[in-house]
Amino acid sequence: MTQTAVVTAGTAGIGFETALGLAEAGLAVTVVGRNAERGDRAVERINATAPLHSARFLAADLSSLDAVRALADRIAAGGPLTVLVNNVGAMFPDRQDSADGIEATFAVNHLSPYLLTELLLPTLRAGAPSRIVNVTSGAIGVAKRVFDAAEPPGGYYGFHWYGRAKLANLAYTLELASRLDGTGVSVFAADPGGAATDMTNGTMRDPKIVSPRLRLLWPLVRRKFERSTSGPASVAAKPSIFAATDGALTGRTGLVIGPQAHPVAPFRPATDPRIAEAVRRLSERLAPLTAG
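In every chain, residue numbers begin from 1 and rise along the written sequence. Local features are withheld for residues below a pLDDT of 70 in this predicted model, meaning they are given only at 70 or higher, and side-chain atom pairs are given and counted only at 80 or more; totals for whole chains, interfaces and linings count all residues. Side-chain measures were taken over the full set of non-hydrogen atoms in the model, leaving aside hydrogen atoms and water.

## Comments concerning the nonpolar core
Here's step 1: Each nonpolar core is a collection of buried residues, namely Ala, Val, Leu, Ile, Met, Phe, Trp, Tyr and Cys, held together in the definition by side-chain atoms within 4.5 Å. Each residue is assigned to one of three classes by its accessible area relative to the maximum for its type, calculated with a 1.4 Å probe on protein chains only: buried under 20%, partly exposed between the two thresholds, exposed over 50%. Membership of the largest hydrophobic core comes to 55 residues, with the highest contact counts inside it found for Phe106 and Phe147.
Here's step 2: If you list the elements that add at least two residues to this core, you get α3 (65-76), α4 (104-126), α5 (158-180), β6 (185-190) and α11 (273-286). Numbering goes from the N terminus for both helices and strands, where a helix is a DSSP run of H or I of at least four residues and a strand is a run of E of at least two.

This is the structure in structure tokens:
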């Protein structure tokens, strides 16, 4: 049986390098992205390396829950799935709503991968042994740990809200690993550390993305962050590729793969069952598996 992989936000940056690495490992890769032109270029670049299986592109706006549901249907129609890499991520300098009227940071960074994963679980079970890889971020350290609603109390600050959405997704990832233990579907989080991407080169330079308390120190913090995120995307993709393919992880689950592409201790709040339960309830309410 052909091993298959799906990489969301795979047309550029870390996502593209992840898709390229999976293709080089012999998987038939589906790249997901919003822009068809960028998708076609990404697939062309992957196929130019003469992989064992040709890559393909599927267009989807992952900020829309209906688009996520339609994407899941298209992927499932292709048969069993071996690897799902939820690489999608976005940070916004100003608050905005998704197509569903949900704050966009939480919708894109957590609800989208949550919903896609849950909908594809039968397809992943059919492809077992299979793996789910959710990309996390060090920004979880500045997150408000309140998940009664999509939006935390207080003003909107993009960096903090991004970290909160990633914390929700990491808590979900660890809970999912426990839930699927013994099914043949392994679940991992991958922390890319950092790379020079559109987000780090653009949004991160806007001081209003952090709270006023941090804003005075932001130039110093940002420069330190930029030094750690100045490497190539190909290096930042290694944790995801390792989590998706490395034989040393066979039979293991619930691990966080750090920037050096080896397991690291998870951020402690993400292991709190109270946070996991709050995230579960909120996710099920905001992103039901069926529309309507």
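## Examining the packing of helix α1 (residues 13-24) against helix α10 (residues 238-245)
Helix-helix packing: each pair is described by the crossing angle between the helix axes and the interaxial distance.
Here's step 1: Structural elements are reduced to axes, namely lines fitted to C-alpha atoms, with helices fitted over the stretch in contact, and the angle between N-to-C directions of any two is expressed from 0 to 180 degrees. With their axes 9 Å apart at the nearest point, α1 and α10 run at an angle of 35° to one another. Relative to α10, α1 is oriented so that their crossing is right-handed. Counting all contacts with α1, which are made through Glu17, Thr18, Gly21 and Leu22, the residues of α10 involved are Ser240, Ile241, Ala244 and Thr245.
Here's step 2: Residue composition of the contact of α1 with α10, grouped by class: 3 nonpolar, 4 polar and 1 charged. When the near helix sits turned anticlockwise from the far one by under a right angle, the crossing is termed left-handed; a clockwise turn instead gives a right-handed crossing. Only heavy atoms enter the contact rule, under which two residues are in contact if any of them lie within 4.5 Å. All residues other than Ala, Val, Leu, Ile, Met, Phe, Trp, Tyr, Cys, Pro, Asp, Glu, Lys and Arg, Gly among them, are scored as polar; the first ten of these are nonpolar and the last four charged.

## Let's talk about the environment of Ser186
Here's step 1: Along the chain, Ser186 falls in strand β6.
Here's step 2: The sequence separation of Ser186 and Gly254 amounts to 68 residues, and the corresponding C-alpha distance is 7.3 Å.
Here's step 3: When neighbours within four sequence positions are excluded, Ser186 is seen to be in contact with Ser130, Arg131, Ile132, Arg252 and Thr253.
Here's step 4: Two N or O atoms form a polar contact when they lie within 3.5 Å of each other; inside protein one atom must be a possible hydrogen donor and the other a possible acceptor, and for residues adjacent in sequence the pair counts only when both atoms belong to side chains. For Ser186, the side chain forms a polar contact with the main-chain oxygen of Arg252, separated by 2.8 Å.

## A short note on the pattern of salt bridges
Here's step 1: In the sections that follow, a salt bridge refers to a side-chain nitrogen of Lys or Arg positioned within 4 Å of a carboxyl oxygen of Asp or Glu. Scanning the entire structure with this criterion turns up 10 salt bridges.
Here's step 2: One salt bridge connects Arg41 with Glu37, and the closest N-O pair in it is separated by 3.2 Å. Separated by 4 residues within a single helix, Arg41 and Glu37 lie in helix α2 (residues 36-47), roughly one turn from each other.
Here's step 3: Taking the relative accessible area as the measure of exposure, Arg41 reaches 44% and is therefore partly exposed.
Here's step 4: The partner of Arg274 in a salt bridge is Asp272, and the shortest N-O contact between them spans 3.0 Å.
Here's step 5: Using a relative accessible area of 17% as the deciding quantity, one classes Asp272 as buried.

## Digging into the sheet that holds strand β1 (residues 4-8)
Here's step 1: Strand pairing follows a simple DSSP-based rule, namely that at least 2 bridges must link the two strands. Across the sheet, 8 strands lie side by side as β3-β2-β1-β4-β5-β6-β7-β8; this open sheet has mixed pairing. A strand with exactly one partner marks an edge of an open sheet, and here the two such strands are β3 (56-59) and β8 (263-264).
Here's step 2: Examined bridge by bridge, strand β2 (residues 28-33) and β3 share 4 bridges and lie parallel to one another. In the strand pairing of β3, Gly33 is matched with Ala59.
Here's step 3: With respect to the sheet, α4 is in contact with β1, β4 (83-86), β5 (130-135) and β6, its orientation differing from that of β4 by roughly 175°.
Here's step 4: Against the sheet, α10 engages β4, β5, β6 and β7 (255-257), with an angle of about 160° to β5.

## Considerations on α1
Here's step 1: With 12 residues, α1 ought to run about 16 Å at 1.5 Å a step, and its terminal C-alpha atoms sit 17 Å apart, in line with that.
Here's step 2: Of all 12 residues in α1, 9 are buried, a share of seventy percent or more.
Here's step 3: Within α1, burial applies to Ile14, Gly15, Phe16, Thr18, Ala19, Leu20, Gly21, Leu22 and Ala23.
Here's step 4: Of the surrounding elements, those touching the buried residues of α1 are β1, β2, α2, β4, α9 (233-236) and α10. Each residue after the first adds 1.5 Å to the expected span of a helix.

## Points about the packing of aromatic side chains
Here's step 1: Between rings of Phe, Tyr and Trp, where Trp is taken as its six-membered ring, a pair exists when centres lie within 6.5 Å; planes separated by under 30 degrees are stacked, by over 60 edge-to-face, and by other angles tilted. The tally for this structure, following the rule as stated, stands at 2 aromatic pairs.
Here's step 2: Arranged with centres 5.2 Å apart and planes meeting at 75°, the rings of Tyr114 and Tyr172 form a pair that is edge-to-face. A residue pair is termed long-range when its members are at least 10 positions apart, and Tyr114 in helix α4 and Tyr172 in helix α5 qualify at 58 residues. For the pair shown, Tyr114 and Tyr172 are each scored as buried.
Here's step 3: Their ring planes at 70° and their centres at 4.6 Å tell us that Tyr156 and Trp161 sit as a pair that is edge-to-face.
Here's step 4: Overall, the relative accessible area of 6% leaves Trp161 in the buried class.

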